[in-house]
Amino acid sequence: MPSTELRRPNSSDYETLAELLLEGKLLTSTESIERYSRDESTRAEALPWAVVLPSSEEEVKKVLSWANEGPFPIVTRGAGTGVAGGSVALAGGVVLSLERLDKIISVDTENLTATCQPGVITETLQRQVEELGLFYPPDPASADTCSIGGNVAVGAGGARAVKYGTTRDYVLGMRVALADGRLIELGGKNVKDASGFSLLQLMVGTEGTLGVITEVTLRLIAKPKRRVSLLIPFLDLGDAARLVHEVTLAGILPAVAEFIDEVAIEASAKHLSRELPCEDKARAYSFICLDGDEADALERQMVSIGEMAKKHNALDVLAAIDEGQQERLWESRRTLGTAMKGLSPVIGKADVVVPRGAVPELVARIKRIGRALSIDIACFGHAGDGNVHVNILRRDRSEESWDTLLDKAMSETMSVVKELGGRPSGEHGIGALKRAELERFIGADALELMRGIKDVFDPRGILNPGKVI
Ligand SMILES: Cc1cc2nc3c(=O)[nH]c(=O)nc-3n(C[C@H](O)[C@H](O)[C@H](O)COP(=O)(O)OP(=O)(O)OC[C@H]3O[C@@H](n4cnc5c(N)ncnc54)[C@H](O)[C@@H]3O)c2cc1C
């Protein structure tokens, strides 16, 4: 059934829904649902029809079976930190917020796994396992606010992906409530599994369009004993991006390898009210973090990177060894998403990914697009894995001139990404805002197959209509 046949619930439908909930809540007043109207994209906003907050997996199943019967559109929401409009009911719908399903069920130190409900905040899980000497590496810069369910649903990455991979690489098992309220269990605690099609991996990155993730089992590893961080200022953004690539080619696998440009430097200084070292001269920085157990090995890698940096015209190489210094340094990079809003409350965001060697050319060409259109485009991100965050700043332009400029800047950026063999999203997902790009990149046949999969999982089209495909 196409999504146009979906209905808006009436008061008797809401009464039925409220009766299904034991401890869960149903919110319908404008002031109580207003905060569910947007995510962190700055470009997607719509008041949902209502918000339901289940307090158990059983209640999630009941809500879905109610919605499927309707049929009513359901928009699943984790913590609402997404930047693609995925959790916003843009086409109308009832938001299903999983914020109350926030328990870490177990940390299994024997099998190195953690099992938790989807609403657990990522940093809470990271901290809990680190107290046991274990490590959950995926580290989105939003870790203190985003949820594990949202991370799995989007396939979130983060700074440490260059060495440790993304959320996808850590998902071993999950429980999923299907559109009609049935529940399936996928995977478990096994580290390998060749038993049929991997529905587990299929679910990762489906952004609430195929089912609602109600429990996740994640792989853990031993926590590295040491880490050191390097901050390297440059006059030229290309040099900063090239250094990061050369480091990986030299056989050094940093835990983090990032760069930021001069617009990002301005945003960070304004947001944190402090400057990075050499800020009067630097037009770009590389941030590199090395981790491991052996101090000597880390020392040798630092020296090699210092030598490579000098060859690439670095203004200096600054090492942070103690944890406090390193935290201060990473704060400048980690808070950039928020800092950007201090320069421009409205931002066109892309998180494109290209083969690693193409990053210097990508950023040079995006900067050229910005100059040609007289618009500020900030580039920063995970250069080590080819994932660049492109922030197109509206600043104080009028809405009319901005819309045309944004379309042009975004379309030209995507053309460059395609030419370089890249993809429109490395970690933020497609949601609503990048849907138009998907077919251009993956082709009509692949998109048709995705639609077929959607029809099998969600024949009435109730789950997150208008998102991804
Ligand atoms: C300052 C800042 C920094 C960020 N840094 C990074 C970064 O470094 N790396 C990165 O990858 N992302 C980053 N993000 C983006 C965002 O935090 C991630 O996409 C995160 O995974 C979203 O999680 P959430 O819980 O907020 O999900 P939401 O925004 O609530 O939802 C995102 C999508 O997942 C679906 N969904 C949520 N929970 C479930 C569930 N249980 N079952 C099924 N579908 C579900 C929603 O329907 C929606 O489509 C950043 C965002 C901000 C604001």
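Preceding this paragraph is the structure being described.
In this text the structure is predicted, and so the values were computed from the model without any measurement.

S.K.: So what's going on with the pattern of salt bridges? Which residues, and what values?
M.R.: Going through the model one piece at a time under the given rule, you end up with 34 salt bridges. Residue Arg 242 pairs with Asp 239 through a salt bridge whose shortest N-O separation is 3.4 Å. Separated by 3 residues within a single helix, Arg 242 and Asp 239 lie in helix H8 (residues 237-249), roughly one turn from each other. Given a relative accessible area of 37%, Arg 242 falls into the partly exposed group. Because the salt bridges share partners, they merge into one network encompassing Glu 57, Arg 175, Glu 185 and Glu 215.

S.K.: Give a description of the sheet that holds strand E16 (residues 347-353) that names residues and reports values.
M.R.: Strands sit in the order E15-E12-E14-E13-E17-E18-E16 across an open sheet of 7 strands; the sheet is antiparallel. Bordering the open sheet on either side are strand E15 (318-320) and E16, each of which pairs with just one other strand. Each strand of the sheet is rotated relative to its neighbour by a mean of 15°, with strand direction disregarded. Of the strand pairs in this sheet, strand E17 (residues 377-382) and strand E18 (residues 387-393) are connected by 6 bridges, and their pairing is antiparallel. If you follow Ile 377 over to E18, its bridge partner there is Ile 392.

S.K.: Any chance you could break down the side chain of Asn 68 for me, citing the residues and the numbers?
M.R.: Here Asn 68 is to be found in helix H3 (residues 57-69). Setting aside residues no more than four positions away along its own chain, Asn 68 makes contact with Ala 179, Asp 180, Arg 460 and Ile 462.

S.K.: For the pairing of strand E8 (residues 171-177), give the residues involved together with the corresponding values.
M.R.: With 6 of 7 residues buried, E8 is to be regarded as a mostly interior element. Relative to strand E10 (residues 212-219), E8 runs antiparallel, the two being bridged by 6 bridges. Across the sheet, residue Val 176 finds its bridge partner in E10, namely Ile 213. Two strands pair when backbone bridges link them, and E8 and strand E9 (residues 183-187) are joined in this way by 5 bridges, in the antiparallel orientation. Residue pairing for E9: Arg 175 is matched across the bridge by Glu 185. Between E8 and E9, which follow one another and run antiparallel, lie 5 residues, and Gly 181 among them has a positive phi close to 95°.

S.K.: For the site of the ligand, give the residues involved together with the corresponding values.
M.R.: Among the 34 residues in the neighbourhood of the ligand, the closest are listed as Thr 76, Gly 78, Thr 81, Ser 142 and Ser 147. In the environment of the ligand, a nitrogen atom lies 3.0 Å from a nitrogen or oxygen atom belonging to the side chain of Glu 427. Burial of the ligand by the protein chains amounts to 94% of its free accessible area of 990 Å². At the level of secondary structure, the elements contributing two or more residues to the shell around the ligand comprise strand E3 (74-77), helix H5 (148-154) and E10. At 5 residues, H5 tops the list of elements feeding residues into the shell around the ligand. Domain assignment of the residues forming the shell around the ligand places at least three in each of domain 1 (11-100) and domain 2 (104-222).

Rules of the game
- Residues numbered from 1 in each chain as written.
- Predicted model: local features only at pLDDT ≥ 70, side-chain atom pairs only at ≥ 80, totals over all residues.
- Heavy atoms only, no water.
- Salt bridge = Lys/Arg side-chain N within 4 Å of Asp/Glu carboxyl O.
- Helix = DSSP H or I, 4+ residues; strand = E, 2+ residues; numbered from the N terminus.
- Buried < 20%, exposed > 50% of the residue type's maximum accessible area, 1.4 Å probe, protein only.
- Pairing = 2+ DSSP bridges.
- Axes fitted to C-alpha atoms, helices over the stretch in contact; angles between N-to-C directions.
- Contact = heavy atoms within 4.5 Å.
- Near = heavy atom within 4 Å.
- Polar contact = N/O pair within 3.5 Å; in protein donor to acceptor, adjacent residues only side chain to side chain.
- Areas by Shrake-Rupley, 256 points an atom, 1.4 Å probe, with all protein chains shown as cover.
- Domains from an automatic or database assignment.

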